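Next come the chains, spelled out residue by residue.
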Amino acid sequence: MFELTLQALFSGLLAGGYYATVAVGLALVFGTMRVINLAHGELVLLAAYVAYAAETSYGVNPVMAIPVALVIVGSASAIVYALLSRIRQDREINSLILTFGLGIILTNAILSIWKADIHSTSDPWFQDSMVVADTLFAMNAEVASFVGGLVLMAGVWWWLNHSWQGRAVRALSSNRAAATLMGVNPRKIEILSFLIAALLATFAGFAIYTGKTVFPALGHVLTVKAFIITVLAGMGSIPGVLIGAVMIGVIESLTVTYLSASLQELAGMILFLVVLFVSPSGLFGGGRALAR
Amino acid sequence: MTRTLANFVTISALALSVTLGAGAAQAKDFLLGSELPLTGSLARVGQGMHEGISVAIEMANRSYAGKHSFKVQTIDDETSPAKGVAAVEKLAGDGVVAITGGYGSNIIGPASEAAQKAGLVYITSGGVSPELTQRGYPTFFRINNTDGYALAMIGLLQEMGAKKVSIVYLNKDATSSLAKQVNSALTAKGVTVGMHEFDGSTSDFKPLMNKVKLQDRPDAIAMVGYENDYVGILRAAKVLKPQVKAVVGVWSLATAQMAKEFPDLMENVYGTSMLPYPVEFTQPEAVEFAATYKKLFNKDPDYLGQFGYVQTRLLIDAVVRADEAGTLAKGGLPDELRKTDANTLIGRVTFDKNGDNLNFTHRMGQHQGGKVVLVWPQDAANGKMNFPAVPW
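Not measured: the values here are computed from a predicted model.

Draft legend 1. Summary view of the overall build of chain B. When its secondary structure is counted, chain B shows 14 helices and 14 strands. Along the longest, intermediate and shortest principal axes, the C-alpha atoms of chain B span 100 × 40 × 35 Å. Evaluated residue by residue, chain B yields a buried proportion of 56% over its 392 residues. Taking all contacts inside chain B whose residues are at least 6 apart in sequence as the whole, residues at least 24 apart take part in 68%.

Put into structure tokens, the structure is as follows:
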């Protein structure tokens, strides 16, 4: 029983890291623009498919495909921003409709180009097992993605707190009008946020391609998961995303171990509802929460 | 003389045109409808079946050339039951003679109900849930069922002599039905069975597999799900290395696609398969099917294409028979289909009063060195099973 619990906690922690990597880009864009980018999951998926194409067509290791994926996902993200910035009225609602539509377009583009088959890396190193103390088991891909995701999130958190642009992002998130009066160019900062979100999406796509399987319908699933974690964290909170994601990962994993794998999604949703009931603005919410 | 010749030419031309006109009136164009998930989570299987349907249309147009021609109008149900119903209603409105397609028992259920209301035959191989035929719709037909898959899985596990089996299954209609049927049959034969249900959103199977490893300690793991579930389960098993002798699955597993895409995970894994891979066809129809498939899609046929082809070809032949008997326009197609008794690429097909093919029994294949070798039943086997053997 002890072994089962330990493995459940370890698996939950790693799953949480993976969820956080997917969700943090969504949280960043929401923090800056008050826009829920419903195409975020599809951007993650696009990065995964670029890694797949690089590996199968050119024999490139998925790690080496990250710069190419970053350029493609960054361009797609910039297009999403360009379209969003043209919305003049009711931006919060209209942006939902626009990004949902863009997500469908991206999914179908992926389906047309790469067909509906499932794919994952063929590099065996990523699937090899890593054993800690003869008790905790994981794939190399999961541990590498967890560590990489943590480093990336820490980097974003540091950037938000200690760089001029990062502080400008937070200022814009806190009070757009005041930030503009203080000399912050909102358009530059917003597009910068989208590009950072593209970087995070690219890494998340790489993590999924190496540790899970990818297929065209996955993007929507990723967006929903990322949205739940973003709301649970408190809209726009980066550290909250990590903690919320790990909470979801651990509760799901414990549910699989002690109840049933078919109840894991339900357990995550119950946790989500309980947190919102106790703290309606999420774990780290309450106003403009970016970087808190 | 000139006038007489002119009259002769005119009369001859009239006679010829009447003859040709009569001939043209006999040749008919039939429009079939197809409702399939071409996008969404079942896009992979939907597209596979669509390829088989296209091959059936192509081959039927060749074999009935000069007599009849066939077209198919396909609507994507986007893996949504509601859109499946809308697709069937649209096809009915467009005047199709019958519907071939459908994937997923939860989509086929309401879609075939809409076809029943419209008086249209609905034939499928994509839904094996027993509830589909238990409704007793006279217009519903399917060429495969849970029983056929369960027989194959149970037969193989028994041949292995497994005393303890862990069944890891997806909580959908068809997968749950199959898992429960295998559980009942194995339990009745004295096998200890552990049941582990999972949700389609599960991507990390390690906690579940750890239960199998530490609590169940089975001889064999039986998986009932779809491709991405199998990959997740096998990866978790490869990491945790439970002490089992075999890993057995059902559909979408013993395929060329899985052998090519996940060679490190598939070695020694079993799954249902009508054909070995590389494909070996001997019957003339099967050879023509494989050649047409290759011509249209530039790849070897898989089981989805095979099933899609068989259901559509049986439908087309029944449409022609009903038309020749003059009953097609009078709702005679279901009766004509029920008269079917054909040896097909998936074995003998006949339909009972509920439209089920009770002859259906699957075969089991095993991934061996990038190939799929048929290992069960003995009379269909083209190789021996590697046992005990697992991918790790």
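Additional details are given in the paragraphs that follow.
Draft legend 2. Summary view of the overall build of chain A. Assigned secondary structure in chain A consists of 12 helices and 2 strands. Starting at the N terminus, the α and β elements of chain A follow one another as α-α-α-α-α-β-β-α-α-α-α-α-α-α. What you see for chain A is a C-alpha radius of gyration of 19 Å, in line with the 19 Å of a compact globule of 292 residues. A buried classification covers 55% of the 292 residues belonging to chain A. Nonlocal contacts in chain A, meaning residues at least 24 apart in sequence, comprise 78% of its contacts between residues at least 6 apart.

Draft legend 3. How the structure looks around the interface of chain B and chain A. At the interface, 31 residues of chain B touch 33 residues of chain A. Where the side of chain B that touches chain A is concerned, the elements lending two or more residues are α2 (43-63), β7 (192-198), α8 (206-216), α9 (227-240) and α10 (256-261) of chain B. Per element, the largest residue contribution to the side of chain B that touches chain A is 7 residues, and it comes from α9(B). Here the side of chain B that touches chain A is composed, by residue class, of 8 nonpolar, 12 polar and 11 charged.

Draft legend 4. Spatial organisation of helix α9 (residues 186-211) of chain A. If you check α9(A), its first and last C-alpha atoms are 37 Å apart, about what 26 residues at 1.5 Å a residue would give, namely 38 Å. α9(A) sits mainly inside the fold: 20 of its 26 residues count as buried.

Draft legend 5. Quick look at the confidence of the model for chain B. On average, chain B scores 91 in pLDDT, and the residues at 70 or more come to 93%. Note on residues 13-25 of chain B: pLDDT under 50 across the span, and 0 contacts to partners over four residues away in sequence or across chains.

Draft legend 6. The domain arrangement of chain B, seen in detail. All names here are of chain B. Once the domains are mapped, chain B shows domain 1 (25-145 + 281-350) and domain 2 (147-279 + 363-380). The distance between the C-alpha centroids of domain 1 and domain 2 comes to 29 Å. Contact residues are listed per partner, giving 19 residues for domain 1 and 16 residues for domain 2. Every element with two or more residues in the side of domain 1 that touches domain 2 is listed here: α2, α4 (105-117) and α13 (303-325).

Draft legend 7. Region of the structure containing the environment of B:A111. Residues and elements named next belong to chain B. Positionally, A111 belongs in helix α4. Measuring from C-alpha to C-alpha, the distance between A111 and I143 comes to 17 Å, with 32 residues separating the pair along the chain. Excluding residues within four positions of it along the chain, A111 makes contact with E35, G84, V85, V88 and G102.

Draft legend 8. Spotlight on unusual backbone geometry. Residues and elements named next belong to chain B. The step from W376 to P377 runs through a cis peptide bond, and the omega angle for that step is -5°. With respect to the helices and strands, P377 occurs in the segment after β14 (371-376). Cis geometry is adopted by the peptide bond preceding P388, which originates at F387 and carries an omega value of -5°. You can see P388 is positioned in the segment after β14. Although it is not a glycine, S252 adopts a positive phi angle of roughly 60°. Within the secondary structure, S252 sits in the loop between β9 (246-248) and α10. Given 23 C-beta atoms within a 10 Å radius, S252 is considered buried.

Draft legend 9. Spatial organisation of the packing of helix α7 (residues 164-174) of chain A against α9(A). Residue and element names in this part refer to chain A. Packing of α7 against α9 brings their axes to within 10 Å, and their N-to-C directions diverge by 105°. Considering their axes alone, α7 and α9 lie roughly perpendicular with respect to each other. Contacts between α7 and α9 involve Q165, A168, V169 and L172 from the first element and P186, I189, L192 and S193 from the second. Of the residues in the contact of α7 with α9, the class split is 6 nonpolar, 2 polar and no charged.

Draft legend 10. Looking closely at the pairing of β14(B). The buried count for β14(B) comes to 5 of 6 residues, which makes it a mostly enclosed element. Hairpin remark: strand β13 (residues 364-368) of chain B followed by β14(B), antiparallel, with 2 residues in the connecting loop; positive phi at B:G369, about 55°.

Draft legend 11. Structural context of the nonpolar core. Core analysis: the biggest nonpolar cluster contains 223 residues, and A:A23, A:A47, B:M153, B:A222 and B:V319 have the highest contact counts within it. For this core, the element with the most residues is helix α1 (residues 2-33) of chain A, which contributes 15 residues. For this core, the domains that each give at least three residues are domain 1 (25-145 + 281-350) and domain 2 (147-279 + 363-380) of chain B. The contact partners of B:A222, leaving out residues within four places of it in the chain, are B:M153, B:L157, B:V165, B:I167, B:V182 and B:V248.

Draft legend 12. Molecular detail of the confidence of the model for chain A. On average, residues of chain A score 90 in pLDDT, and 97% of them reach the 70 mark or higher. Confidence, read as mean pLDDT per element, is least for α7(A) in chain A (86) and greatest for helix α2 (residues 40-58) of chain A (95).

Draft legend 13. View of the environment of B:F360. All names here are of chain B. Tracing the chain through its elements places F360 in the loop between β12 (347-350) and β13. In the structure, F360 is positioned 76 residues away from P284 in sequence and 21 Å away in space, judged by C-alpha atoms. Excluding residues within four positions of it along the chain, F360 makes contact with I143, N144, N145, G148 and G347.

Draft legend 14. Representation of the environment of A:I189 in the model. Residues and elements named next belong to chain A. With respect to the element layout, I189 can be found in helix α9. As a C-alpha pair, I189 and S129 span 60 residues in sequence and 42 Å in three-dimensional space. Beyond its immediate stretch of four places on either side in the chain, I189 contacts T32, Q165, A168, V169, L172 and V184.

Draft legend 15. Structural context of the pairing of β12(B). All names here are of chain B. In the sheet, strand β11 (residues 341-344) pairs with β12 via 4 bridges, with the strands oriented antiparallel. Looking at β12, one finds that A342 is bridged to V349. Count of turn residues in the β11/β12 antiparallel hairpin: 2 residues.

Draft legend 16. Region of interest: the packing of α1(A) against α8(B). Between α1(A) and α8(B), the least distance of the axes is 9 Å, while the angle of their chain directions is 165°. As the angle between them shows, α1(A) and α8(B) are arranged roughly antiparallel. The way α1(A) lies across α8(B) gives a crossing that is right-handed. Together, A:E3, A:L4, A:Q7, A:A8 and A:S11 of α1(A) and B:K206, B:P207, B:N210, B:K211 and B:L214 of α8(B) make up the contact between the two elements. Across the contact of α1(A) with α8(B), the residue classes tally to 4 nonpolar, 3 polar and 3 charged.

So, how was this worked out
- Residues numbered from 1 in each chain as written.
- Chains lettered and ligands numbered in written order.
- Predicted model: local features only at pLDDT ≥ 70, side-chain atom pairs only at ≥ 80, totals over all residues.
- Helix = DSSP H or I, 4+ residues; strand = E, 2+ residues; numbered from the N terminus.
- Buried ≥ 20, exposed ≤ 12 C-beta atoms within 10 Å, placed from the backbone.
- Contact = placed C-beta atoms within 7 Å.
- Rg over C-alpha atoms; globule rule 2.2 N^0.38 Å.
- Nonpolar A, V, L, I, M, F, W, Y, C, P; charged D, E, K, R; others polar.
- Expected span 1.5 Å × (residues − 1).
- pLDDT = per-residue confidence, 0-100.
- Domains from an automatic or database assignment.
- Axes fitted to C-alpha atoms, helices over the stretch in contact; angles between N-to-C directions.
- Parallel < 35°, antiparallel > 145°, perpendicular 65-115°, else oblique.
- Pairing = 2+ DSSP bridges.
- Core = buried A, V, L, I, M, F, W, Y, C linked by C-beta atoms within 7 Å.
- Left-handed = near helix turned anticlockwise from the far one by under 90°.

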